[in-house]
Amino acid sequence: MEKEWVHVKTVTGNVATNEQYLKRQHINNEFWREVGKGNHILLGAPRRAGKTSLMTDLVENCPEDFACIYKDLENIPNKEAFYKQLFHLILQCADRSKFQDARDFISRCLRRYNIKEISTTGITIDSREIRYETELLNIIPEFKDAKFHTVIFLDEFAEVIHKLKNAGLKQDALDILYTLRALRHDENFRHFTIVYAGSISLETVIRQIDRTKLINDLRPIRLKPLTDEEATRLIAQLLKVATIRVPDEVQHYLKEKLEYLLPYYLQLIIEAIDDIAFDSRNPMITTEIVDRAFERVLNEHKNFEDWVDRISVYQEDHFPFINEILVQAAHEGGITVREIYEKAIVHGLTQSYMDFVYDLIQNGYLKEAEKHVYIFASPLLQQFWLKKYPIYHV
Amino acid sequence: MSNIPLFADLPLYQNANADSTGIKSTFIIRKYPYSVISQDLSLNPKNRSIQQYLLVGPRGCGKSTLLGRIQVKIDSDEELSRQYLVVKPAEEQANICRLFDLLEEILHDLESRGMEVKWPGEEDDPYEYTEALFAAVHVLLEKYDKMLVLLLDNMDRVFETVEADLSSLRAHLLNFRDIKIIGTGTRLTKHFYSYSQPFYCFFRVMYLEALTSAEAKELLFHWGEQYHLPAVKEFVEKKPGQLEMIRTLTDGLPRTLQLFVNLLLANDQGTGYDYMERIMDAITPLYQERLNQLPPAQRKIVLQMAFCWEAVGAKELAEVTRMDSRVVSAQMSQLIDKAVVEKIETSTKNHLYRLTDRFFNLWLIFTQGSPREKRRVKDLIVFLENFYDARENNDPACRHLNAGSEGVTLLQLLNQEQTRAVMDRFEDQEGGPKLKEEFLPIFYATELQLRGDTRTSAKMPPEIRQVVEDILGASNNK
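Bear in mind the structure is a predicted one, so any value in this text is a computation, not a measurement.

What counts and what doesn't
Residues numbered from 1 in each chain as written. Chains lettered and ligands numbered in written order. Predicted model: local features only at pLDDT ≥ 70, side-chain atom pairs only at ≥ 80, totals over all residues. Heavy atoms only, no water. Helix = DSSP H or I, 4+ residues; strand = E, 2+ residues; numbered from the N terminus. Rg over C-alpha atoms; globule rule 2.2 N^0.38 Å. Contact = heavy atoms within 4.5 Å. Areas by Shrake-Rupley, 256 points an atom, 1.4 Å probe, with all protein chains shown as cover. Lys, Arg positive; Asp, Glu negative; His and termini not counted. Charge placed at Lys NZ, Arg CZ, Asp CG, Glu CD. Phe/Tyr/Trp six-rings, centres within 6.5 Å; stacked < 30°, edge-to-face > 60°. Buried < 20%, exposed > 50% of the residue type's maximum accessible area, 1.4 Å probe, protein only. Lys NZ or Arg CZ within 6 Å of the ring centre and 35° of its normal. Axes fitted to C-alpha atoms, helices over the stretch in contact; angles between N-to-C directions. Parallel < 35°, antiparallel > 145°, perpendicular 65-115°, else oblique. Pairing = 2+ DSSP bridges. Salt bridge = Lys/Arg side-chain N within 4 Å of Asp/Glu carboxyl O. Polar contact = N/O pair within 3.5 Å; in protein donor to acceptor, adjacent residues only side chain to side chain. Patch = residues over 30% accessible without salt bridge, like charges linked within 9 Å, V, L, I, M, F, W, Y side chains within 5 Å. Expected span 1.5 Å × (residues − 1).

*Asks:* Give a detailed account of the overall build of chain B, specifying residues and quantitative values.
*Replies:* When its secondary structure is counted, chain B shows 25 helices and eight strands. Here the C-alpha radius of gyration of chain B, 25 Å, is about what a compact globule of 478 residues would show, namely 23 Å. Each of the three principal axes of chain B carries a C-alpha extent, and together these read 80 × 55 × 40 Å. A separation threshold of at least 6 residues defines the contact pool for chain B, and within that pool the share at least 24 residues apart is 72%. Taken as a whole, chain B presents about 20,100 Å² of accessible surface, with 47% of it coming from carbon and sulfur. With 57 positive and 69 negative side-chain charges, chain B shows a spacing of 4 Å between the two charge centroids.

So this is what it looks like as C-alpha cells:
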C-alpha cells in the first residue's frame, strides 16, 4: 500500500502557533523590556509580516507577573463600541487571571455592574446603562497596587482610527486618541499597558488628522523580514514531519532566490514545492523544482498584486513615475540615479525624486546595489513586475 | 440538456449532492487539495493554527464535488465528526444579503440537528445583531466543544454581497479561532488579494486548474471501468489526438468531459470537429443565458472580442464594434468588474483585453461566428488533433499532419532552426494571413522563438499556449 504523503505544515494568512510559528526570541525580549520600562508599544509592519502571530505568542507565553489579552478591533464602528470593547477586555483579562488581586477586582465588578456572566464571547450585564468611557477611568486605577501588570493587545487599531475618520467620525477618532493618551500619562495607570498594532501606519493615519503629538510617546517595534538563520529554522520546522526532502544546498538556493525573506512568501513557495512533488510522488526536491515553484507562485500573480496596489492607492498621483522606475529596474536589472532623474524631469519631480526612491527602499521594493544604482530587493518581486508589465519601451 | 441522452450515473450538475458512497467512488481527481485539507483537518487540533481555504476554478471544474468529498470525510470519520460540526449552506445562497443572514442560516442548521441555540433578542442595529448572532455561534461551539467547518460554495459571490460586514467576519475568525471556512469561487476577487480589503491574503488559495492529459485519461478510464463502458476506454486508447484536442479547447473541465462521455454513449461517431460542435450544442443553454444577461452594448463588445479571438487593444475594439472609444472603455471597465473580460497590462496605456472564459469564447465563435470565423476554429481543431496524434505515435515531424500540407513543411523548417524562413511565409502579403489562420499555433511558436515575449505573443489565446510550448519543445529537442 502506498505510504501516505505528509504535507508541509504551513499556515498562511492566519495566526501561526506552536510548530507552525517561528519564535524570534530577540523580538519577545525587546517587547518585554520596553513594557517593563513603562512604555506603551506601537507594533507596526505590513500585512502578512506576522504581527498577529507574534502577539498571540506574547499573550500565550507572557512572563509570570503579567496578564494579557488580545483582540482584533477592525469591526469597531464608533467610539462607544471602542470603549465598551476595552472595558470588556479588561474584565475578561482579569477574569482569566490567576492573581488574587484580579479575582477580588472581578468580584467587585460583578456586584457594581450587575454582571451576569463573563465569558469568552463577552460580558452579559443585567439591564443597566453603563458609560463605558467613564467606567474605564474608574476601574483601571484599581490595578494601581496590583501585583501584576495588565497588557491589552489591540490589533488593527490604526484601521479603527482610519475607518472612523473616513466615516465622518473624526471627532470619535480624536476622542479615543486623547483618552488613551491621558491613560498613558496618568500615574494611576502605570500597571496597565496597551499595545497598538496595525498593518497600516498609525503615524500616517494620525498625520492625516493632524495630531501627531497624540502618539509620539509610543515606543515603536517593527517586524523585519527573517534573517537567513531564521529562515533556515522556519524551513526546518515546516518540513519536520513532511514527506518532501530539501537538501541544504537546495534550501540555500531557495533562500537566495527569494532574498526578501518574509514568512508568508517563503511558505507560499514551500507549499508550491509540496504540490509539485506530490504530483510526481517524488519527495526529493531539486533546484529545478524550486524554479518551477517560483514560476507557479508568480503565475498566480494575485499574490503580489498588493505590491502594485500599495503604490497606486497611497501614491496615486505619482504612480506613473514610480512605476516607470520599477518597470525599468525589472527589465534592465537595475536603474541608475541618472536614469531616475531623467524620468523625474518628464514628470516634473526633480525636487522630490529621491524621496520616492527612499520610500521604495524603505518599503522593500528596491535596494541600492552599488552607489546610486538601484535593483529589486527581491528577485521574485522583479519577476512579478516583468510578468505584470511584459512590454517595455526605453 | 439539448438532445444528448445523459448517462444517469454521471450527473452533470450538483454532483456534490450525490450520496456519500457515490461521492467517494467518483472522486478521482483534485487529489492534492483534498489530501492537504483532509490532512489539515486530521492533524490540527482545534487550539492550533487554523488555515482557511479558498478553492478557485471555473464552473464545472469540480469545486462543489470537492466540498462534498470533504463533508463526507468529516461525517464518516468518527474522530473528525467528534471534533467538527460541518455546515454547508445551499449552493445558490439567494437569501443572503448581510452577514447576519448567513449566521442565522448556520444557527438554524445547527438547531435542526437538535442543538440548543441561544437566539438573541430583537435588535434593530445590524452591527449589534451580527455580534449577538456571532456570540450565539461561539457559545454553542464552546458548549458542544466543537469547531465549525463552514463549506461555503460561491464564496466570492457571498463576499460581494456581504462586503460591508467582512471586517466583522475577519475579527471573529481571529478572535475566537473556532470557525474554519473552506470556500469556493470562480475567480479571485479583490476581497482576497487587495491590500485594502480585510481578507487580503487571508485564505490559502488552491487553484483547480485544467485537467492534465494524464488526469483526463485517468478520469475517463475510471468512468469506463466503474460504469462498464468499453466505448470510453476504447476511445482513449485509439484516439488520443481527439481527446487531447477536446481537453485543450474545453479548458480541461471535468464537466465537459462528462458531456463528451455522454456523446460517446449516444453512439455518435464523428470527427473531432463533430464532437466539439455537439459539446457546444450541449453547453448552449448555460452560455446563452450568460450572453443574454449582458446589456446590448456589452454583448456587442463581447461578441466582437470573441471573434478577434486573440487579445485586442481598446482602439482596435472600438473599430470593429464601430463604437466610440470612450463608450468602449466605460463598458470594458464593467465587463472587467464582472470578470467577463480580463486585462493584460502593458507598461504603456495601451493594454490588451480578452474574454476570461476561453471555452465561452470558443462557444461564441461556434454559435455566432461567420463561416470564416468558424473555419479558423475548424483549422485549429484539425491541427491539434493531428499534432497530438503524431506526438502519441512518436512522430516529431508530424508527417501525417494533413499529409502534404504546408504545416508539415513549416514544422520541419522550425525543427531545422529555419525560424526566419517560417516567419517570412507568415509575413508574405499574399498567402501569409491565410497561413496564419490555418496554423495559428505554429505562427505563435515562430514568433516566440524569433522575438521572445512581445506584444504579439501577449495576444496569444491561452488555450493554444500548451500546444505552442509543445511545438517549441519538439523543435528544441530536435
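This is not the end of the story, as more comes after the structure.
*Asks:* Requested: an account of the packing of aromatic side chains, with residues and values cited.
*Replies:* The final tally for this structure, using the stated rule, is 44 aromatic pairs over all chains. Both rings, one in Phe202(B) and one in Phe203(B), keep their centres 5.8 Å apart while their planes meet at 70 degrees; by these two values the pair is edge-to-face. Classification of Phe203(B) as buried rests on a relative accessible area of 4%. Here the aromatic residues Tyr260(A), Tyr264(A), Tyr265(A), Phe304(A), Trp307(A), Tyr365(A), Phe376(A), Phe384(A), Trp385(A) and Tyr389(A) are joined through ring pairs into a cluster of three or more. Stacked on the ring of Phe294(A), the Lys or Arg Lys257(A) has its end atom at 5.1 Å from the ring centre. The residue whose ring lies beneath Lys378(B) is Tyr273(B), and the NZ or CZ to ring-centre distance is 4.9 Å.

*Asks:* Could you give an account of the packing of helix 11 (residues 230–238) of chain B against helix 13 (residues 254–265) of chain B, naming the residues involved and the relevant values?
*Replies:* All names here are of chain B. As a packed pair, helix 11 and helix 13 sit with axes 9 Å apart at the nearest point and diverge in direction by 110 degrees. Taken together, helix 11 and helix 13 sit at an angle that is classed as roughly perpendicular. Contacts between helix 11 and helix 13 involve Ala231, Val232 and Phe235 from the former and Phe260, Val261 and Leu264 from the latter.

*Asks:* Explain the sheet that holds strand 5 (residues 149–155) of chain A residue by residue, including any values.
*Replies:* Residue and element names in this part refer to chain A. Strand order in this open sheet of five strands is 2-5-6-1-7, and the pairing throughout is parallel. Both edges of this open sheet fall to strand 2 (66–72) and strand 7 (219–222), since each of them pairs with a single strand only. Strand-to-strand twist of the sheet, defined as the mean angle between neighbouring strand axes without regard to direction, takes the value 20 degrees. Where strand 5 and strand 6 (residues 192–198) come together, five bridges link them in parallel fashion.

*Asks:* An account of the interface of chain B and chain A is needed here, citing residue identities and associated values.
*Replies:* Chain B puts 48 residues into the contact, and the matching count from chain A is 57 residues. Taken together, the links from chain B to chain A amount to five salt bridges. Across the salt bridge formed by Arg170(B) and Asp72(A), the nearest N and O atoms sit 3.2 Å from each other. Our count for the contact surface shared by chain B and chain A stands at 20 residue pairs in polar contact (both at pLDDT 80 or more). At the level of elements, helix 2 (31–43), helix 6 (126–144), helix 8 (166–176) and strand 5 (204–207) of chain B are the ones that each hand at least two residues to the side of chain B that touches chain A. No other element matches helix 8 of chain B, which puts eight residues into the side of chain B that touches chain A.

*Asks:* Talk me through a negative patch on the surface; I want residue IDs and the actual numbers.
*Replies:* All names here are of chain B. On the surface, a cluster of negative charge is contributed by Glu122, Glu123, Asp124, Asp125 and Glu128. Among the structural elements, Glu122 can be located in the loop between helix 5 (99–112) and helix 6. Using a relative accessible area of 83% as the deciding quantity, one classes Glu122 as exposed.

*Asks:* Hey, could you go over helix 3 (residues 79–95) of chain A for me, with residue numbers and the actual values?
*Replies:* Since the α-helix advances by 3.6 residues per turn, residues separated by three or four positions end up pointing in the same direction. Residues and elements named next belong to chain A. Over its 17 residues, helix 3 extends 24 Å from the first C-alpha to the last, a length consistent with the 24 Å expected when each residue adds 1.5 Å. Among the 17 residues of helix 3, 14 are classified as buried, and the element is accordingly described as predominantly covered. Between the side-chain oxygen at the start of helix 3 and the backbone nitrogen of Glu80 there is a gap of 3.4 Å, and the oxygen is on Asn78.

*Asks:* So what about helix 12 (residues 287–299) of chain A? Which residues, and what values?
*Replies:* All names here are of chain A. Compared with an ideal rise of 1.5 Å per residue, which puts 13 residues at 18 Å, helix 12 spans 18 Å between its outermost C-alpha atoms and is within 8% of the ideal. Residues of helix 12 that are buried: Ile289, Val290, Ala293, Phe294, Val297 and Leu298. Those residues of helix 12 hidden inside the fold are in contact with helix 10 (248–258), helix 11 (263–280) and helix 17 (379–388).

*Asks:* For the side chain of Glu156(A), give the residues involved together with the corresponding values.
*Replies:* One can find Glu156(A) in the loop between strand 5 and helix 6 (157–166). A polar contact of 3.3 Å, which involves the side chain of Glu156(A), links it to the side chain of Arg170(B).

*Asks:* Explain the pattern of salt bridges to me, using residue names and the numbers behind them.
*Replies:* Residues and elements named next belong to chain B. Summed over the entire model, instances satisfying the criterion amount to 48 salt bridges over all chains. Among the salt bridges present, the one from Lys190 reaches Glu163, with a minimum N-O distance of 3.5 Å. Here Lys190, found in helix 9 (residues 190–193), pairs with Glu163, found in the loop between helix 7 (155–161) and helix 8; they are 27 residues apart in sequence, far enough to count as distant. Overall, the relative accessible area of 38% leaves Lys190 in the partly exposed class. Its salt-bridge partner being Arg290, residue Asp357 comes within 2.9 Å of it at the nearest N-O pair. You can see Asp357 sitting in the loop between strand 8 (352–355) and helix 18 (358–368) and its partner Arg290 sitting in helix 14 (residues 272–292), a full 67 residues away along the chain. Here the residues in one salt-bridge network are Arg420, Asp424, Glu427, Glu447 and Arg451, joined through shared partners.

These results come straight from atomic positions and should not be treated as a statement about function.
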